[in-house]
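Listed here are the chains, written in short residue letters.
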Amino acid sequence: MYGSRTAGVQTERAMAKIAMKFGGTSVGDLDRIRHVAGLVAKEVSRGHQVAVVVSAMAGETNKLVGWTREISPLHDAREYDVVVAAGEQITAGLLAVALGAIGVSARSWLGWQIPIRTSAMHGSARIEGIDAALLNERLGQGQVAVIAGFQGIAPDHRISTLGRGGSDTSAVAVAAAIEADRCDIYTDVDGVYTTDPRIVPKARRLEKVAFEEMLEMASLGAKVLQTRSVEIAMLYRVPVRVLSTFDPDAGGTLLCDEEDIVEKKPVTGIAYSRDEAKISLMKIPDRPGIAAAIFGPLADAGVNVDMIVQNVSEDGRRTDLTFTCTRSELARALDALEKAGPAIGYREITSDANVAKVSIIGIGMRAHPGVAQTMFRTLSEKGINIKVISTSEIKVSVLISEEYVELAVRALHSAYELDAA
Ligand code: ADP
Ligand code: ASP
Ligand code: MG
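Below: a short report on this structure. (Residues numbered from 1 in each chain as written. Chains lettered and ligands numbered in written order. Predicted model: local features only at pLDDT ≥ 70, side-chain atom pairs only at ≥ 80, totals over all residues. Heavy atoms only, no water.)

## Observations regarding the site of ligand 1
Taken together, the neighbourhood of ligand 1 is formed by 17 residues, with Thr-187, Asp-188, Tyr-193, Asp-196 and Arg-198 sitting nearest. Note that an oxygen atom of ligand 1 is positioned 3.1 Å from one of the side-chain N or O atoms of Lys-21. Note that an oxygen atom of ligand 1 is positioned 2.8 Å from one of the side-chain N or O atoms of Asp-196. Taking 570 Å² as the accessible area of ligand 1 by itself, protein coverage stands at 90%. Classifying every residue of the shell around ligand 1 gives 7 nonpolar, 5 polar and 5 charged. (Near = heavy atom within 4 Å. Polar contact = N/O pair within 3.5 Å; in protein donor to acceptor, adjacent residues only side chain to side chain. Areas by Shrake-Rupley, 256 points an atom, 1.4 Å probe, with all protein chains shown as cover. Nonpolar A, V, L, I, M, F, W, Y, C, P; charged D, E, K, R; others polar.)

Written out as structure tokens, the structure is:
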């Protein structure tokens, strides 16, 4: 589908092919679009071929999503995509105009015009392939390609979107398809930090972050990169940097292989997600097949179950089971479980949408024992109750009350000695 290469820090080729991506805040008004045009022009003046991927102007996608939901909460996902993809079309056109105005040859491209082919899952489609022929032809002629991020064309020939934050994925996939020498993700922070700098002022910028860690950070809530963009970067060896649009020389963060990280602290970063809900099924029969009876109907209803705990049954006959899903899937999950109620045989079902997940992530965790214990002790010292725990080789996640998220993230950031001096 895409090209492949060896990742790593490159000495820049004299005439390189580069992909640049600008997020919503970076193109938030006309002055900012002009500023972005200046950054693109600079790369062009260095002799590079440039493909630019843009997001909708800040706030636009939220507005479009809101309108669609307001007209009908049960809207058709194909029409949702038609509406919400519109924001990127405007930015792509405006940036092409802004480039033209400063004498840079540029043309805008919508997903279907390239085409960027996606799966049929409207609203959260996956990129399946990008035909780079047209893009490469124009790039070869010295024309900048300004591509609308977040969108593609589904097998039903209708516009599709890639899920919130999807322009990152468009950018990395385009970079892979045109075999770009690098993909620069310009945003409103100057790199990937140890945690969200908006809630922890002492967060530190990471010079480098391993693909595996970035993948966990993104999927556990750090919205600086969409998870799928990191997967594609890892798979197709795309050298990705995260940089600030407003201070492009500030250093940034490079995604790299694990071997390229010399100092492996036990914890590299902390992520949090408020998009969580918890469901508990009380007094379910403790028998083989019960998990299948619960999670089968949930999977059929398209609910992604995340953390799961099952209590030990006191009498060997009945037990309780708790799991989490996203808040937007809560209603669907409850509906599916109520329908499957007779087959499952629970006594009571409870749910809580005021929960959040806090996670510590680090490849160094493999070599350092006792990492989780520091997390549990730190939270207990702050009087924060842990509702559910889940772990993998390089992360530990806990579910807590939403009201304690910021307190928990700050306390853990200090406990793992991540605070900036
Ligand atoms: P864009 O519109 O450029 O795609 P996003 O808002 O999607 O930007 O992502 C950038 C934001 O991600 C930052 O403003 C920051 O608040 C948030 N963020 C969360 N976790 C991190 C992190 N670990 N490092 C950097 N930024 C983070
Ligand atoms: N505009 C889309 C969103 O807000 C895509 C993106 O910004 O990456 O989710
Ligand atoms: Mg984003």
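## Some thoughts on the nonpolar core
By size, the foremost hydrophobic cluster in this structure holds 46 residues, and its most contacted members are Ile-147, Cys-183, Met-214 and Val-238. In contact with Cys-183, other than residues within four places in its own chain, are Ala-19, Ala-171, Val-172, Ala-175, Val-238, Pro-239, Val-240 and Arg-241. Grouped together as the second largest cluster of nonpolar side chains are 28 residues, Val-40, Met-57, Ala-98 and Val-104 included. (Core = buried A, V, L, I, M, F, W, Y, C linked by side-chain atoms within 4.5 Å. Buried < 20%, exposed > 50% of the residue type's maximum accessible area, 1.4 Å probe, protein only. Contact = heavy atoms within 4.5 Å.)

## Topic: the packing of helix H9 (residues 290-300) against helix H10 (residues 330-339)
Between two packed helices, both the angle of their axes relative to each other and the distance between the axes serve to describe the pair. Viewed as axis vectors pointing N to C, H9 and H10 meet at an angle of 130°, and their least axial separation amounts to 9 Å. Comparing the axis directions of H9 and H10 gives the class oblique. Here the hand of the crossing between H9 and H10 comes out right-handed. Each of Ile-294, Pro-297 and Leu-298 in H9 lies in contact with H10, whose residues at this interface are Ala-333, Ala-336 and Leu-337. Across the contact of H9 with H10, the residue classes tally to 6 nonpolar, no polar and no charged. (Axes fitted to C-alpha atoms, helices over the stretch in contact; angles between N-to-C directions. Helix = DSSP H or I, 4+ residues; strand = E, 2+ residues; numbered from the N terminus. Parallel < 35°, antiparallel > 145°, perpendicular 65-115°, else oblique. Left-handed = near helix turned anticlockwise from the far one by under 90°.)

## Here we look at a nonpolar patch on the surface
Taken together, the side chains of Leu-30, Ile-90 and Leu-94 make up a nonpolar region of the molecular surface, amounting to roughly 250 Å² of accessible area. You can see Ile-90 is positioned in helix H4 (residues 86-101). (Patch = residues over 30% accessible without salt bridge, like charges linked within 9 Å, V, L, I, M, F, W, Y side chains within 5 Å. Salt bridge = Lys/Arg side-chain N within 4 Å of Asp/Glu carboxyl O.)

## Some words on the site of ligand 2
Near ligand 2, the surroundings consist of Ser-55, Ala-56, Thr-61, Glu-88, Phe-150, Arg-164, Gly-165, Gly-166 and Ser-167. At a separation of 2.8 Å, a nitrogen atom of ligand 2 approaches a polar side-chain atom of Thr-61. Separating an oxygen atom of ligand 2 from a side-chain N or O atom of Arg-164 is a distance of 2.7 Å. Contact with the protein chains covers 86% of the free accessible surface of ligand 2, which is 260 Å². A class-by-class count of the residues in the shell around ligand 2 yields 2 nonpolar, 5 polar and 2 charged.

## Details of the pairing of strand E11 (residues 240-244)
For E11, the tally of buried residues reaches 4 of 5 residues, placing the bulk of the element in the interior. As judged from the 5 bridges shared by strand E9 (residues 182-187) and E11, these two strands associate in the parallel manner. Bridge pairing links Cys-183 to Val-240 in E11. With 2 bridges joining them, E11 and strand E12 (residues 253-256) adopt antiparallel strand pairing. Looking at E12, one finds that Arg-241 is bridged to Leu-254. (Pairing = 2+ DSSP bridges.)

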